[in-house]
Each structure stands twice: as structure tokens, then as C-alpha cells.
2 protein chains.
Amino acid sequence: MIDTPDEAPFPSLSEADALPPSEQHAQQYAAVRNAHETELLEDYVELIGDLIVHQGEARSADIALRMGVSQATVSKMVGRLKSLGLVASKPYRSLFLTEEGETMARMSRERHAIVLQFLRALGVSDDTARIDAEGMEHHVSQETLDAMQRFSRQRGIPD
Amino acid sequence: MIDTPDEAPFPSLSEADALPPSEQHAQQYAAVRNAHETELLEDYVELIGDLIVHQGEARSADIALRMGVSQATVSKMVGRLKSLGLVASKPYRSLFLTEEGETMARMSRERHAIVLQFLRALGVSDDTARIDAEGMEHHVSQETLDAMQRFSRQRGIPD
DNA sequence: CAATACAGTTAGCCTTTGCTAAGTTATTTA
DNA sequence: TAAATAACTTAGCAAAGGCTAACTGTATTG
Ligand SMILES: [Mn+2]
Ligand SMILES: [Mn+2]
Ligand SMILES: [Mn+2]
Ligand SMILES: [Mn+2]
């Protein structure tokens, strides 16, 4: 049997980091699963809000086009958004955000903008920054957002 | 009908950013959907590799504990990993990574480490950095990884 | 104003990712 | 070594998020 000392004589530089305690580890994954539950809702309400601002109204066909999914998929998702009280609409008519939907949209938009600006300030190209921000935004805590904002303000491109 | 000028006389400072062209916008969301398809696979192989290194073997019960899911969920996922050729095992025995699994685990682990180190270098606390890195890692392009690594090396905590 | 085109919905299918409950195999210990 | 415990698997269920095909309603326009 190979001799396994209780404590290494000195820590090797190439030694891999130890695993975190399992409860903490589990919490990491739980936070990710949690984010996944609201991600799409956030992107939908954000997009609906943006369409209302930029095009005057939010129509399912536009959402489908911009999301890159079928209209049927949008229709089903809109049903879910309505049942969650985030969106209001009459059959065959365009979409509106409820108060709650507006709030979620505003928060998502702000968070999205912070992440995007941060990536640009880091030196990432615009196209890549947009792609990465679309996914990263949902996995960024307030603490990290604050750090990003500090960084952007300090050495970022103005505006 | 309301008069809509072809071009605004001058850009307002508080004007919201225009929406990206719809094809580009759709590509952003497509990239996120794409990342979601491999995310869990990456976390599983990474964890299996880590367990083998740190505990000598990877057992389903450990994975379930660390992932924070039921053993049944792990069992089903392991079936998928095997069918994808990432994992090998005999019924009721512990798990091994195939060559392909090792490769995916190594890449995931490296990417994960870059993101984690970067967040710490940005000034984010360890606990938060771990949580955010677990989700962000799957949505970070090579270009962004490079930028993160540059930043960490330049003003990061050494090691 | 009728025909057509466009927009929205519904039905039915699939995959992924989770769960619980019940069974099977392996390991530990009395 | 038999019983008990722990580990693993299987079956069956559900929700989320995709799809296509078929249908219904709205808007345009000849
Ligand atoms: Mn967004
Ligand atoms: Mn997004
Ligand atoms: Mn990881
Ligand atoms: Mn992860």
C-alpha cells in the first residue's frame, strides 16, 4: 500500500485546488438552475419592452424573428408570460407589459447594459460582447455587477 | 397622420440604443440556446474528473450530493453521458471518463478556472465569484476568455 | 367587398432535466 | 455469513422549451 501522509510536507505549486465543501458546491449548481428558470422570461420581457419603445408595438412575429424561433414557440411562451402576470394581450393583438413585467424588463435591461458595456471596456469586440452578454447577464450577481460598473466607469469607453 | 422625419435632427443623449438587426439579434439568442445544450454535460464531466483526482473515484452518490440533485437524476444523466461516449462504467460501479470525456473535462476546467480567477481579480468575494463563475463559464467566448486572462495576469492576485 | 396575404393560435410531437417510489446490487457489520 | 445499510437503477410523472402542420382571425388590395 502506498504511503499517504496526513499532510503534504509543503504545498506543490501545480497542486490542483481542493474541491469546495459539498454543500457549497451544491449551492453553486443550484444557483445556476435557478437562473435558468427565469432567463427566458427575462429575455422575453426585455425584448417586448424594447420593441414597444423602438417599434411602437410588440408583435409575436417580430419576437419570433428576433428570437430566432417559430411563431408557435412564441405563442406558447406568451401564454406562460400572461399566466405569470408579466404580459397582457387580447387574442390576435399585440403585447403589453404589466407593471410587474415592466419592472422585470427594466431590471433586465439595466443589467444587460452593464454587462455589455463592461465587456467592451475589457476590450472585447462588439459582436462578441453582444453574444456573450446575452448569456452572461443571467448569471451575474449584484456584487459582480457592481464590480463591473466600477471597472467600466474607471477605464471604460465613455457613454 | 403624425409627421415622422426620416432622420432625427440631432441624437438625443438620453436616446435608447437602437435594436441590433434582427439576424444579429437572433444569433445572440441562438448562441445562448446552444450553450445550454452542452452546459450540464460540461459540468458533469468536469465534476467527474475532479472527483477522480481528489477522491480517487467518481461515485454517483457523490455527484448527486455535490450537484444537489437526486441519485435518480444522476443515474439518468450518466446514461446520457455514456451514450454520448463521454463516460464509461459498469452497472453499479464507479465512473470513468473516456478520452473524449477527459478532453471536455480539461477544457471545461481550464475555462472555469480562468473565469473564477478573473472574478476574484475584479474584486468579487470568493463565495460570489464561485457562484457566478459556475454559470458564466458556459457563456464566455474564447475572445472574452483571452481578455479575462490578460486582465488577471496584469492586475490579478498571483497564483 | 372578396380574395389574398399575413399574423396568430392550437394540436400533437419530441428532448431535456428534474422529481418520487420501488426495486436491485454491493458493502458493511453484528 | 446473514442482516442491515448504502449505492445504484428503473419506471413513471411533470414542466420547460423547442418543432411542424393545420387552422383561425385580421389587414391589404384588386
Ligand atoms: Mn437580455
Ligand atoms: Mn439573455
Ligand atoms: Mn465548471
Ligand atoms: Mn458550470
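A quick note: this is a predicted structure, and the numbers were derived from the prediction, not measured.

Our focus in this paragraph is the coordination of the manganese ion (ligand 4). Four donors placed tetrahedrally about a metal ideally form angles of 109.5 degrees, and six donors placed octahedrally ideally form angles of 90 or 180 degrees. Residue and element names in this part refer to chain B. Here the manganese ion (ligand 4) is held by the protein donor atoms D43 (OD), D43 (OD), E134 (O), E134 (OE), E137 (OE) and H138 (NE2), which lie 2.0 to 2.7 Å from it. Around the manganese ion (ligand 4) sit six donor atoms, and with donor-metal-donor angles ranging over 50 to 174 degrees the site reads as irregular. Of note, the manganese ion (ligand 4) draws all its donor residues from one chain, in the sequence arrangement D-x90-E-x2-E-H. Separating the manganese ion (ligand 4) from the manganese ion (ligand 3) is a distance of 3.6 Å, and E137 supplies a donor atom to each of them. Classification of E137 by relative accessible area gives buried; the value is 0%.

It is worth spelling out the relation of the copies chain B and chain A at this point. Rotating chain B by 180 degrees and moving it 0.0 Å along the rotation axis overlays it on chain A with an RMSD of 0.1 Å. The two molecules are tied by a two-fold rotation axis, judged by turn and shift. Taking C-alpha positions as the reference, the residue of chain B nearest the rotation axis is M136(B), at 2.6 Å. Comparing interface residues between copies, 100% of those in chain B also lie at the interface in chain A; the contact surface is shared.

So, on to the packing of helix α1 (residues 22-55) of chain A against helix α1 (residues 22-55) of chain B. Relative placement of two packed helices is described by the angle separating their axes and the distance separating the axes. Contact geometry for α1(A) and α1(B): axes closest at 13 Å, N-to-C directions at 170 degrees. When the axis of α1(A) is compared with that of α1(B), the two are roughly antiparallel. Together, H25(A), Y29(A), V32(A), H36(A), E39(A), D43(A) and L47(A) of α1(A) and H25(B), Y29(B), V32(B), H36(B), E39(B), D43(B) and L47(B) of α1(B) make up the contact between the two elements. Tallied by class, residues from the contact of α1(A) with α1(B) come to six nonpolar, four polar and four charged.

Reading the values: the criteria
- Residues numbered from 1 in each chain as written.
- Chains lettered and ligands numbered in written order.
- Predicted model: local features only at pLDDT ≥ 70, side-chain atom pairs only at ≥ 80, totals over all residues.
- Heavy atoms only, no water.
- Donors = N, O, S within 2.8 Å, 3.2 Å for Na, K, Ca; no water.
- Tetrahedral: all angles 85-135°; square planar, octahedral: opposite > 155°, others 65-115°.
- Buried < 20%, exposed > 50% of the residue type's maximum accessible area, 1.4 Å probe, protein only.
- Least-squares fit on C-alpha atoms with pLDDT ≥ 70 in both.
- Contact = heavy atoms within 4.5 Å.
- Axes fitted to C-alpha atoms, helices over the stretch in contact; angles between N-to-C directions.
- Helix = DSSP H or I, 4+ residues; strand = E, 2+ residues; numbered from the N terminus.
- Parallel < 35°, antiparallel > 145°, perpendicular 65-115°, else oblique.
- Nonpolar A, V, L, I, M, F, W, Y, C, P; charged D, E, K, R; others polar.

That is the geometry; function is a separate question.
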